Amino acid sequence: MNQQGLQPPSKSHSLFITAITLIAGLCIVAGLIYVFQQPPAPKPVQGELTVYCAHDSVYSEPILKQFEKETGIKLNIRFDSEATKSLGLTESLIREKDNPRCDVFWNNEILGTLDLQSKGILEPYKGQGYERIPAAFKHPDGLWTGFAARLRVWIINTNLITATPQALDVIMEKENLDRVTIAKPLYGTTRTHYTVLWQTLGEDGLKDWHEEMKSRGMIIAQSNGQTKNLVAQANCTIGWTDTDDFFVAKDEGRAVEMLPYRLEDSEQTICIPNTVMMINGCPQPELAKKLIDYLLSERIEIQLSQSTARQIPLGPVDEEQLSDEVKQLKVWASEGYPLMQLEPARQAALNWLKAEYLQ
């Protein structure tokens, strides 16, 4: 292009450019003023303990409020009412890793706890509560401790069959399993159930079992509660669920009984405790220790065993304060599969389940 093709900008064009530049500069300055004038993130309130709680509030909130009343320590409690509540709170803790807001996490299962453990989000603590819990239900370094457990059980409609292992075998040997139900294993304790099977049967063994059950018509329910309903209402004969769901049906007067689900080779049960842990770098570590010891006490395990969920004490307790139902559950829980062994299988099993149900 020759020089005649290079026209100088007009005066009006220059003024326009100058105005745009000035406006942009003013916007930047205004933005910086806004940013620097914002108040800093609020500091934790002195004497206030932040608790994330995945356990059903109907059982956990009275105990947390009791702790407040007895100690004078104010609790800031975050519940999550979603169906995937344990997963949701676990993901919140992962997002907050570099700026923790939570002091104590009361989880209602184990896999999310193992995930937090693997990411370095938990702070070790071995207090007096830790010492009374058997080794199979706690981390050896004190990163988390189990208490007040549930069992995976068979729920059986006794109007349709007798509640015996032999009757279960007859049903499970049938070609058609459309009278057998289990919850979708992507979430909750059914995911733990599947993770145990991944660890004990191996990847191929679990996948083969799962495909066989589906091909024979086993009903995949949306939740343990729906599984319980299908059996209680005689739409299914048997199913796998948790002890707390079973007792809902039992207390409603339904014709149901339960038997523990046992691993085929070892005869071990699947016992899934609540877990409690302190968050690494939490604002109130000393107060957190007080709550952890409180939850892991004999008194609280007895209280939870006397709730409608009949949660199972894992540490030693005064047996006279337990119902006959809970005494039997405690025997079955003592035969539980060691939970620390789930860590190698946890993520691999979850990746497969996501591929199976979310794609």
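This text goes with the structure placed above it.
Residues numbered from 1 in each chain as written. Predicted model: local features only at pLDDT ≥ 70, side-chain atom pairs only at ≥ 80, totals over all residues. Heavy atoms only, no water.

Some points on the overall build of the chain
Then step 1. If you tally the helices and strands in the chain, you get 14 helices and 10 strands.
Then step 2. Buried positions account for 48% of the 359 residues belonging to the chain.
Then step 3. Across the chain, contacts joining residues at least 24 apart in sequence account for 73% of those joining residues at least 6 apart.
Then step 4. Surface exposure of the chain reaches about 17,700 Å², of which carbon and sulfur atoms provide 52%. (Helix = DSSP H or I, 4+ residues; strand = E, 2+ residues; numbered from the N terminus. Buried < 20%, exposed > 50% of the residue type's maximum accessible area, 1.4 Å probe, protein only. Contact = heavy atoms within 4.5 Å. Areas by Shrake-Rupley, 256 points an atom, 1.4 Å probe, with all protein chains shown as cover.)

Focus on unusual backbone geometry
Then step 1. For A148, which is not a glycine, the phi torsion comes out positive at approximately 45 degrees.
Then step 2. The residue A148 is located in strand β5 (residues 145-157) in this model.
Then step 3. Note on A148: relative accessible area 1%, which makes it buried.
Then step 4. At E267, a position not held by glycine, the phi torsion is positive, near 65 degrees.
Then step 5. In this structure E267 comes out as partly exposed when scored by relative accessible area, which is 45%.

Side note on a negative patch on the surface
Then step 1. Taken together, the side chains of E298, D318, E319 and E320 define an acidic patch exposed on the protein surface.
Then step 2. Structurally, the position occupied by E320 is in the loop between α12 (298-305) and α13 (324-333). (Patch = residues over 30% accessible without salt bridge, like charges linked within 9 Å, V, L, I, M, F, W, Y side chains within 5 Å. Salt bridge = Lys/Arg side-chain N within 4 Å of Asp/Glu carboxyl O. Lys, Arg positive; Asp, Glu negative; His and termini not counted. Charge placed at Lys NZ, Arg CZ, Asp CG, Glu CD.)

Considering the pairing of strand β10 (residues 271-279)
Then step 1. Taking burial as the measure, the nine residues of β10 include nine buried ones, the bulk of the element.
Then step 2. Across six bridges, β5 lies against β10 in antiparallel orientation. If you follow L151 over to β10, its bridge partner there is C271. (Pairing = 2+ DSSP bridges.)

What about the pairing of strand β2 (residues 74-79)?
Then step 1. Bridge count between strand β1 (residues 48-53) and β2: six bridges; the pairing is parallel. Opposite V51, over in β2, you have I77 as the bridge partner.
Then step 2. In this view, the connection linking β1 to its parallel neighbour β2 by way of helix α2 (residues 57-71) has right-handed handedness. (Right-handed = clockwise from strand over helix to strand, strands pointing away.)

So, the nonpolar core
Then step 1. Formed by 99 residues in total, the largest nonpolar core has its most connected members in F105, W154, I238, W240 and I279.
Then step 2. With eight residues, β5 is the largest single contributor of residues to this core.
Then step 3. Sequence-distant contacts of I238, that is, excluding residues within four places in its chain, are made with W154, I155, I156, I161, L168, I171, M172, R179, V180, T181 and V231. (Core = buried A, V, L, I, M, F, W, Y, C linked by side-chain atoms within 4.5 Å.)

A few points about the pattern of salt bridges
Then step 1. Under the definition given, this model contains 21 salt bridges.
Then step 2. Two residues, E203 and K207, come together in a salt bridge whose shortest N-O distance is 2.7 Å. Of this pair, E203 and K207 both sit in helix α8 (residues 203-215), four residues apart, which is roughly one turn of that helix.
Then step 3. What makes E203 partly exposed here is its relative accessible area of 36%.
Then step 4. In this structure, R310 engages E325 in a salt bridge whose closest nitrogen and oxygen atoms are separated by 3.2 Å. Of this pair, R310 sits in the loop between α12 and α13 while E325 sits in helix α13; the two residues are 15 residues apart in sequence, bridging distant segments of the chain.
Then step 5. A cluster of three or more residues bridged by salt bridges with shared partners is formed by D115, K119, E343 and R346.

Notes on helix α4 (residues 111-118)
Then step 1. Across the eight residues that make up α4, a large majority, seven, are buried.
Then step 2. All of the buried residues along α4 are L111, G112, T113, L114, D115, L116 and Q117.
Then step 3. In the segment just after α4, G120 is the residue with positive phi, at about 70 degrees.

Regarding the side chain of S60
Then step 1. Within the element layout of this structure, S60 appears in helix α2.
Then step 2. Residue contacts for S60: discarding those within four places in its chain leaves C53, H55, F79 and W106.

Describing α8
Then step 1. Spanning 13 residues, α8 covers 18 Å between terminal C-alpha atoms, matching the ideal 18 Å at 1.5 Å per step.
Then step 2. Within α8, the full set of buried residues consists of L206, W209, H210 and M213. Take α8 and look down its axis: the buried residues cluster within an arc of 95 degrees, on one side only. Counted as exposed and oriented over 90 degrees from the buried face of α8: D204, D208 and S215.
Then step 3. Summarising the contacts, the buried residues of α8 are in contact with α6 (165-172), α7 (188-201), β8 (238-242) and α14 (343-357). (Expected span 1.5 Å × (residues − 1). Arc of directions from axis to C-beta.)

Observations concerning the environment of I300
Then step 1. As for its placement among the helices and strands, I300 is situated in helix α12.
Then step 2. Separated by 13 residues in sequence, I300 and P313 have C-alpha atoms that sit 8.9 Å apart.
Then step 3. Setting aside anything within four residues of it in sequence, one finds I300 in contact with I63, Q66, Y294 and L295.

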